[in-house]
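These are the residues of each chain, in order.
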Amino acid sequence: MEVSATGLAFALAAMVLNSVAGLLESDATRYVTRGRALATQPRYLGGLLVDGLGWASTVVALRYSPVFVVQAVLGGAIALTAGGARIVYGSALRWVDRLACGVCVVGLVLVAASAGPERPADPSSSAVLALALVAVVLVAALVAAWRAGSAWSLALVAGLGFGGSSVAVRAVHLTAGENPAALLAGPSLYLVVVFGAVGLIAYSRSLERGSLARVTAILLVTEVTVPGLAGIMLLGDSVRPGWWVVMTAGLVLAVAGVVVLADSPAQRPPPLRAAES
């Protein structure tokens, strides 16, 4: 199933929306105090709203494009966020940040170009069962990570949750097609809700427990790599013949760019001035 213009357009729209949401949510962390939790901050709530619009765009993109392409494009939000922080906060980009932005873009182009022409068959019952089992394990992992209060484990669960939601959305499209009754009757729709809820809860908690840079790096690397491979193995998303090396190289470049940019000073909002508090 080759990447269509529609699928790519909606994936890019989701990337932009996710970047805007990230800036809003990051800015909200500056206002967190003992009596003002992150979940009560207007900027954070606004970021969640924009995140919702980004998720809707992702849902449409997944109808036309393989999971590994859509998730790789979404990972490019980190580069946009760095550029946005430069505009909003006046943050300086290091030379390595500029290089990482370029590397990330090159990686995304290689991944998008690697999509195969074949349309996947409907997911098998074993694939849906595998997704259901993963959802159960993730819920248990969320409970354990919540009790432990470990930011990195919460970020990992969040990335798997959001990524699992994308894989389940893709399964919904392949199974239901244009039939709303089939959409409601199948289990994939409910898996979308479970995975998405796990991702949102874990992400919100991880922001309260750890640094934004570390949380973002773990979240995005997990969200870019794991779901794409799951889409290939479980749903039959195809890679062009002979392009596996190209796709792998693209993923490595994209992930490397994400890791560098996630730890960039440009990703950290400046300290809150007294007049703003």
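Since we're looking at a predicted model, the values are computed, not measured.

Here the focus is the overall build of the protein chain. When helices and strands are tallied, the protein chain shows eleven helices and zero strands. For the protein chain, the sequential pattern of α-helices and β-strands runs α-α-α-α-α-α-α-α-α-α-α. In the protein chain, 83% of the contacts between residues at least 6 apart in sequence involve partners at least 24 apart.

This part takes up the pattern of salt bridges. When the charged atoms of two side chains lie near each other, side chains of opposite charge can form a pair. A complete count under the given rule lists one salt bridge for this structure. Linking D97 and R94 is a salt bridge whose minimum nitrogen-to-oxygen distance equals 2.8 Å. D97 gets classed as buried once you look at its relative accessible area, which sits at 0%. The class for R94 is partly exposed, based on a relative accessible area of 34%.

What follows deals with helix 9 (residues 188-209). Because the α-helix completes a turn every 3.6 residues, residues three or four places apart line up on one side. Here helix 9 spans 31 Å end to end across 22 residues, near enough to the 32 Å set by a 1.5 Å rise per residue. Within helix 9, the full set of buried residues consists of S188, L191, V192, F195, V198, G199, A202, Y203, S204, R205, S206 and L207.

Bringing the nonpolar core into the picture now. Counting 39 residues, the largest nonpolar core has L142, V157, V167, L191, F195 and Y203 as the members making the most contacts within it. Going through the elements one at a time, helix 1 (5-28), helix 2 (42-64), helix 3 (67-75), helix 6 (125-148), helix 7 (151-176), helix 9 and helix 10 (212-235) are the ones with two or more residues in this core. Ranked by the residues each element gives to this core, the list is headed by helix 7, at nine residues. Beyond its immediate chain neighbours, meaning those up to four positions away, Y203 contacts E25, A158, F162, V215 and L219. Of all hydrophobic cores here, the second largest spans 14 residues; its members include V69, A72, V224 and M247.

A contiguous nonpolar patch, built from V16, V20 and L80 and spanning about 210 Å² of accessible area, is present on the exposed surface. Note that V16 resides in helix 1. Looking at V16, the relative accessible area reads 42%, which means it is partly exposed.

Attention now moves to the packing of aromatic side chains. Applying the stated rule across the entire model yields one aromatic pair. The cationic tip of R205 hangs over the ring face of W146; the distance from NZ or CZ to the ring centre is 4.2 Å. For the cation-ring pair, R240 lies above W243, with the distance from its terminal atom to the ring centre recorded as 5.7 Å.

Where helix 3 contacts helix 5 (residues 95-113), the two axes come as close as 9 Å, and the packing angle between them is 165°. Classified by the interaxial angle, the pair formed by helix 3 and helix 5 is roughly antiparallel. In this structure, the crossing between helix 3 and helix 5 has a hand that is left-handed. Between helix 3 and helix 5, the contacting residues are F68, V69, A72 and V73 on the first element and L108, V111 and A112 on the second. Residue composition of the contact of helix 3 with helix 5, by class: seven nonpolar, no polar and no charged.

Here helix 6 contains 24 residues, and its C-alpha end-to-end distance of 35 Å stays within 8% of the 34 Å for a straight helix at 1.5 Å per residue. Of the residues making up helix 6, those classed as buried are A127, V128, L131, A135, L138, L142 and A145. One or two residues past the end of helix 6 sits G149, with phi positive at roughly 70°.

The predicted model of the protein chain averages 80 in pLDDT, with 84% of residues at 70 or higher. Here helix 8 (residues 180-185) stands out as the least confident element of the protein chain, with mean pLDDT 54; helix 6 is the most confident, with 90.

Looking now at the environment of E208. Mapped onto the fold, E208 is located in helix 9. The exposure class of E208 is partly exposed, given its relative accessible area of 43%. With 179 residues separating them in the primary sequence, E208 and T29 have C-alpha atoms 8.3 Å apart.

Our next topic: the side chain of E223. If you trace the backbone, E223 turns up in helix 10. Despite its burial, E223 remains without a salt bridge, the nearest opposite charge being carried by R170 at 15 Å. Excluding residues within four positions of it along the chain, E223 makes contact with Q71, G159, F162 and G163.

Conventions we followed
Every chain's residues receive numbers from 1 upward, in the order its sequence appears when written. Given that this is a predicted model, residues contribute local features only at a pLDDT of at least 70 and side-chain atom pairs are listed and counted only at 80 or more, while totals for whole chains, interfaces and linings are drawn from all residues. Excluded from the side-chain calculations are hydrogens and water; all other atoms, namely the structure's heavy atoms, are used. By the criteria applied, helices consist of DSSP H or I runs no shorter than four residues and strands consist of E runs no shorter than two, each listed in order from the N terminus. Here, residues are in contact when the closest pair of their heavy atoms is within 4.5 Å. We define a salt bridge as a contact between a side-chain nitrogen of Lys or Arg and a carboxyl oxygen of Asp or Glu at a distance within 4 Å. Burial classes follow relative accessibility: with a 1.4 Å probe on protein chains only, a residue under 20% of its type's maximum area counts as buried, one over 50% as exposed, and anything between as partly exposed. Working rule for helices: expected span equals 1.5 Å times residues minus one. Put simply, buried Ala, Val, Leu, Ile, Met, Phe, Trp, Tyr and Cys residues joined by side-chain atoms within 4.5 Å make one nonpolar core. Exposure above 30% relative accessible area and the absence of a salt bridge qualify a residue for a patch, where like charges join within 9 Å and nonpolar side chains (Val, Leu, Ile, Met, Phe, Trp, Tyr) within 5 Å. Here the accessible surface of atoms and residues is derived via Shrake-Rupley with a 1.4 Å probe, and residues count as covered only by protein chains that are part of the display. Ring pairs shown here join Phe, Tyr and Trp side chains whose ring centres sit within 6.5 Å, with only the six-membered ring taken for Trp; geometry is labelled stacked below 30 degrees between planes, edge-to-face above 60, and tilted in between. Remark: a charge is flagged as sitting over a ring if the NZ atom of Lys or the CZ atom of Arg is within 6 Å of the ring centre and within 35 degrees of the ring normal. Every axis in this analysis is a line fitted to C-alpha atoms, fitted for helices over the stretch in contact. Angles between the N-to-C directions lie between 0 and 180 degrees. Oblique is the label for every angle not falling under 35 degrees (roughly parallel), over 145 degrees (roughly antiparallel), or within 65 to 115 degrees (roughly perpendicular). Crossing handedness: left-handed means the near helix sits turned counterclockwise from the far one by under a right angle, and right-handed means the same turn made clockwise. Residue type decides the class: Asp, Glu, Lys and Arg count as charged, Ala, Val, Leu, Ile, Met, Phe, Trp, Tyr, Cys and Pro as nonpolar, and the leftover types, Gly among them, as polar. The predictor's confidence in any single residue is recorded as pLDDT, a number from 0 to 100. In this tally, Asp and Glu contribute negative charge and Lys and Arg positive charge; neither His nor the terminal groups of the chain are included.

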